[in-house]
Amino acid sequence: MTDYKNLIDGEMVDNGEWLEVLNPANEQVVGRVPACGKDELDRAVAAARRAFKEWKKTPQEERQKVVQGIAAAIKGNADELYRLLTSEQGKPHTQAQQEIYGAAGLAAAQSTLTLDDVISQDDDTRLSRTRRVPVGVVGGIVPWNFPIMMAIQKIVPALVAGCTIVLKPSPFTPLTTLRIAELIKDVVPAGTVNIITGEDTLGPLITEHPDIDKITFTGSTATGKKIMAGASGDLKRITLELGGNDASIVLPDADVEKVAEQLFWSSFSNAGQVCIAAKRVYIHKDIYDDLSKAIAAYANTVVVGDGSQQGTGVGPIQNKKQYERVLELIQDAKDNGYKFLTGGDKDPSGTGYYVPITILDNPPEDARIVAEEQFGPVMPLLKFDTIDEVIERANNSDYGLAGAVWTKDTDKGVEIAEQLETGTVWINEFMHLSPFAPFGGHKQSGFGAEYGVDGLKEFTYPQVITVKRDAAV
Ligand code: NAD
């Protein structure tokens, strides 16, 4: 077991009080991290505030180089990092590798983003220019499903925009983030990036801290609402990436054999603990029987187990609370007599938070397992008849994060996509996010956006400077 320290003002520090972090595959302690409170937060915020004075004046090319240094540090240590990530998060090694390399790639790509000045008037009367200025000190709060990707997608745009940041990982998955903190300690100027750990109770202290100017948060919708309320005291800027109940719509012309495996992974990647996982899969009635059989047959070839073992496709649920919630949803489906194509009948007790791959056969639309975000290895297959009907069912949710349409007729796919009330829609793929396009939720799936120029703008204020050219002075 290793102790991991926090990064405050360029130093790796601890306060002598520790939180234990468990491996969800075997419930053994894998490491300890400092249990921080107000004192450590105040120190981190003060360091970020001091660093902001210089960092905001640092030329953009230099800021970009620092961010590229972060990308290189992650990529150069990927082997160590992905193993550590599996040991605390549970995801299989292959998926942990994708997250680590993906985070390095995202940092490198986003380092190239720029916010150029915009001239709105340039004539004999006046010159009017809009520039973007960094908001200041950012508080970043991240969840446990993609701890590194989410940390990087907060740290990188903050730095590129000229802000400094205090980041809080989830108490369930702080280890790899703190190892990265150690690796970038001498890459980033002291105080620009601070990473502190603590229980959930540290979150509201960040949200309400008077010297933090902006909160960027990824997590559940319930916590997002608390953050919005907490940040309202001093009108902090906020970006919220929240939950989803994404619908996949499979049209009758889709090739059953070709889409079955892709549909499976659109729901079961990271044991279903993905905000943009397909959580409701609508299949046209003409191919429903064949496709549901093909998905179930593929599911039976996938191994559920310890993510560090070769061959594991689906790891454990990340933490006990979520494990119990997913089991409760499955029990509710059993109690209501819904039909299972896989899962549901196996005893999930024993060491480790394992849930069998669970596929439901056309449960009712108002079943809890359909209407709620499952965030686990659960996939309800739902039969539909007409396009209008399926669009209405897909949109019948408070969430609006993402969705997918599967069809050979891509024009038809786009026509359906344009009627879905979500921030992202894929035709014939899933979970693809571009560093250069905005990612954000409609309705209760979010507020604002990350990624791309739109995401970068959220770390800035617009400032308009106007010179009156024909002034009498
Ligand atoms: P969570 O909301 O429980 O916790 C997220 C973070 O918030 C953690 O760091 C936690 O310590 C902190 N926190 C908890 N209470 C807080 C409070 N009152 N004030 C401030 N911070 C607080 O979410 P989770 O269970 O870690 O993550 C799962 C959820 O995240 C799912 O709903 C999922 O859909 C969502 N998610 C969304 C996206 C997206 O981009 N939209 C990405 C990943 C996960």
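Residues numbered from 1 in each chain as written. Predicted model: local features only at pLDDT ≥ 70, side-chain atom pairs only at ≥ 80, totals over all residues. Heavy atoms only, no water.

## Examining the site of the ligand
Then comes step 1: The local shell around the ligand holds 29 residues, among which Val142, Lys168, Asp200, Leu242 and Glu373 are the closest.
Then comes step 2: Leu242 places a polar main-chain atom, nitrogen or oxygen, 2.7 Å from a nitrogen atom of the ligand.
Then comes step 3: Coverage of the ligand by the protein chains reaches 91% of its 850 Å² of free accessible surface.
Then comes step 4: Mapped onto the shell around the ligand, the elements with two or more residues apiece are helix 7 (202-207), strand 11 (214-218) and helix 8 (221-231).
Then comes step 5: Of the residues in the shell around the ligand, the class split is 15 nonpolar, nine polar and five charged. (Near = heavy atom within 4 Å. Polar contact = N/O pair within 3.5 Å; in protein donor to acceptor, adjacent residues only side chain to side chain. Areas by Shrake-Rupley, 256 points an atom, 1.4 Å probe, with all protein chains shown as cover. Helix = DSSP H or I, 4+ residues; strand = E, 2+ residues; numbered from the N terminus. Nonpolar A, V, L, I, M, F, W, Y, C, P; charged D, E, K, R; others polar.)

## Overview of the domain arrangement of the protein
Then comes step 1: Annotation of the protein at the domain level lists domain 1 (2-242 + 445-465) and domain 2 (246-427).
Then comes step 2: The C-alpha centroid of domain 2 is placed 31 Å from the C-alpha centroid of domain 1.
Then comes step 3: Between domain 1 and domain 2, the residue contacts involve 22 residues of the former and 28 residues of the latter.
Then comes step 4: Together domain 1 and domain 2 conceal approximately 2,000 Å² of surface at their shared face, both sides included; 54% is due to carbon and sulfur atoms.
Then comes step 5: For the pair domain 1 and domain 2, the number of links is 12 residue pairs in polar contact (both at pLDDT 80 or more).
Then comes step 6: Breaking the side of domain 1 that touches domain 2 down by element, the ones donating at least two residues are helix 3 (78-89) and helix 4 (93-110).
Then comes step 7: Ranked by residue count, the leading element in the side of domain 1 that touches domain 2 is helix 3, at three residues.
Then comes step 8: The class makeup of the residues in the side of domain 1 that touches domain 2 is eight nonpolar, 10 polar and four charged. (Domains from an automatic or database assignment. Contact = heavy atoms within 4.5 Å. Buried area = accessible area lost by both parts, 1.4 Å probe.)

## Let's talk about the nonpolar core
Then comes step 1: Judged by nonpolar contacts, the single largest core of 91 residues is most densely connected at Ile152, Val250, Leu263, Ile276, Ile283, Leu291 and Ile295.
Then comes step 2: Here the element with the most residues in this core is helix 5 (residues 147-161); it accounts for 11 residues.
Then comes step 3: Among the domains, domain 1 (2-242 + 445-465) and domain 2 (246-427) are the pair contributing at least three residues each to this core.
Then comes step 4: Ranked by size, the runner-up nonpolar core spans 27 residues in total, among them Val326, Leu329, Ala333 and Val370. (Core = buried A, V, L, I, M, F, W, Y, C linked by side-chain atoms within 4.5 Å. Buried < 20%, exposed > 50% of the residue type's maximum accessible area, 1.4 Å probe, protein only.)

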